[in-house]
Amino acid sequence: TLATAMAQLGQGQRADAKKTYEGLAGMRRGKSFSASGLADIASLEGRFGDAVRILRAAVADDLAAEDTDSAAAKLLAIAAAELWRGRKDAAVAAADEALMHAQDYRTKFLAARTFAEAGEVAKTRPLVEALDNEIPKEARAYAKIVQGVLALNRGHSRRAVIFMEDANTLFSTWIGQFDLGRAAIEAGLFSKADSAFDLCLNARRGEALALFADEQPTYAYLAPAYYYLGRTRQGVKSNRYAEAY
């Protein structure tokens, strides 16, 4: 099952998780879950081209089955993979496409975060405003996270830290802690960054399996956390930075 595959992945059993995800392909709706899982593992392993290829084919299948929510989730996974390999234009295009198929606040958040990372401020702001006008605290926390990413990319790292801390006070999320850690590194607040990445990689590690507590695997987000932990340790002159890298 999907839960079995995620549990195996969380325990570091990647080969077993791959087999379980592959086995899902023959089940009802299993092909869609299988593709998401296999692509997530590919991104986790740094095989971003493979991830995009798997997801692109699966998006077409989801749309043929009129499963627009799953298609949107896969498009946002494509956007993340494209960002991780430095293809900002491709990431923005995938996020734009996701918004054509879904308008829930999680889709808006990940699309807005993609736009912010890519420097597309004009595309980001309407989504931030929409999220900030939602009733659920989670959505409003996402708005603050995106504002923090915008500030970080403008070089305003301390302002970014404030946005991220406000977001986590409102509704604490794994990705909010991750982005707080990133901002804290740039602000030279290495103790704060270390605390954030300790939460991401230890106390709240399991949340990375599915960041939005749904059926969409997102464990690939864990790999960059190790990179940033390495940067944090370098910042405090710790000789343990190589372990993280």
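Parameters and conventions
Residues numbered from 1 in each chain as written. Predicted model: local features only at pLDDT ≥ 70, side-chain atom pairs only at ≥ 80, totals over all residues. Heavy atoms only, no water. Core = buried A, V, L, I, M, F, W, Y, C linked by side-chain atoms within 4.5 Å. Buried < 20%, exposed > 50% of the residue type's maximum accessible area, 1.4 Å probe, protein only. Helix = DSSP H or I, 4+ residues; strand = E, 2+ residues; numbered from the N terminus. Contact = heavy atoms within 4.5 Å. Salt bridge = Lys/Arg side-chain N within 4 Å of Asp/Glu carboxyl O. Polar contact = N/O pair within 3.5 Å; in protein donor to acceptor, adjacent residues only side chain to side chain. Phe/Tyr/Trp six-rings, centres within 6.5 Å; stacked < 30°, edge-to-face > 60°. 1 Å grid on protein atoms, 1.4 Å probe; cavity = no way out; pocket = protein on both sides within 12 Å on 5 of 7 lines; lining within 4 Å. Points joined across faces, edges and corners; volume = space filled by probe spheres on them. Nonpolar A, V, L, I, M, F, W, Y, C, P; charged D, E, K, R; others polar.

### Let's talk about the nonpolar core
Part 1: Core analysis: the biggest nonpolar cluster contains 83 residues, and Tyr 21, Phe 109, Trp 174 and Phe 197 have the highest contact counts within it.
Part 2: Sorting elements by how many residues they give to this core places helix H9 (residues 137-153) first, with 10 residues.
Part 3: In contact with Trp 174, other than residues within four places in its own chain, are Cys 200, Arg 204, Arg 205, Glu 207, Ala 208, Leu 211, Tyr 221 and Leu 222.

### Focus: the pattern of salt bridges
Part 1: A full pass over the atoms with the stated rule returns 18 salt bridges.
Part 2: For Asp 61, the salt bridge is made with Lys 31, and the minimal N-O distance between the two is 3.3 Å. Of this pair, Asp 61 sits in helix H4 (residues 48-64) while Lys 31 sits in helix H3 (residues 30-44); the two residues are 30 residues apart in sequence, bridging distant segments of the chain.
Part 3: Overall, Asp 61 belongs to the partly exposed group, its relative accessible area being 36%.
Part 4: Glu 82 is paired through a salt bridge with Arg 85; the nearest N and O atoms lie 2.8 Å apart.
Part 5: Of the residues examined, Glu 82 reaches a relative accessible area of 4% and is grouped as buried.
Part 6: Residue classification places Arg 85 among the partly exposed positions, given a relative accessible area of 35%.

### A look at the environment of Asp 194
Part 1: For Asp 194, the position within the fold is in helix H12 (residues 190-203).
Part 2: Looking at Asp 194, the relative accessible area reads 37%, which means it is partly exposed.
Part 3: Setting aside residues up to four positions removed in sequence, Asp 194 forms contacts with Leu 229 and Thr 232.

### Some details on the side chain of Asp 179
Part 1: Tracing the sequence through the fold places Asp 179 in helix H11 (residues 174-186).
Part 2: Of note is the side chain of Asp 179, whose polar atom sits 2.9 Å from the side chain of Arg 113.
Part 3: In contact with Asp 179, other than residues within four places in its own chain, are Arg 113, Ile 145, Val 149 and Met 164.

### Quick look at the packing of aromatic side chains
Part 1: Taken as a whole and assessed by the stated rule, the structure comprises 11 aromatic pairs.
Part 2: When the ring of Tyr 142 is compared with that of Phe 212, the centres are 5.9 Å apart and the planes differ by 75°; the resulting orientation is edge-to-face. Taken together, the positions of Tyr 142 in helix H9 and Phe 212 in the loop between H12 and helix H13 (222-235) put the pair 70 residues apart, joining distant regions of the chain.
Part 3: Assessed through its relative accessible area of 1%, Tyr 142 is described here as buried.
Part 4: Pairing Phe 178 with Phe 197 gives two aromatic rings, centres 6.1 Å apart and planes at 80°, and the pair type is edge-to-face. Of the two residues, Phe 178 is situated in helix H11 and Phe 197 in helix H12; the sequence distance between them amounts to 19 residues.
Part 5: An aromatic cluster is present here, built from Trp 174, Phe 178, Phe 197, Tyr 227 and Tyr 228 joined pairwise through their rings.

### Focus: empty space enclosed by the protein
Part 1: As enumerated under the stated definition, the model contains one cavity of 30 Å³ or more in all.
Part 2: Taken as a whole, the largest cavity spans an internal volume of roughly 30 Å³.
Part 3: Surrounding the largest cavity, Tyr 142, Thr 173, Trp 174, Ile 175, Leu 211 and Phe 212 form its lining.
Part 4: A per-class count over the lining of the largest cavity returns five nonpolar, one polar and no charged.

Treat this as a map of the structure, not an account of what it does.
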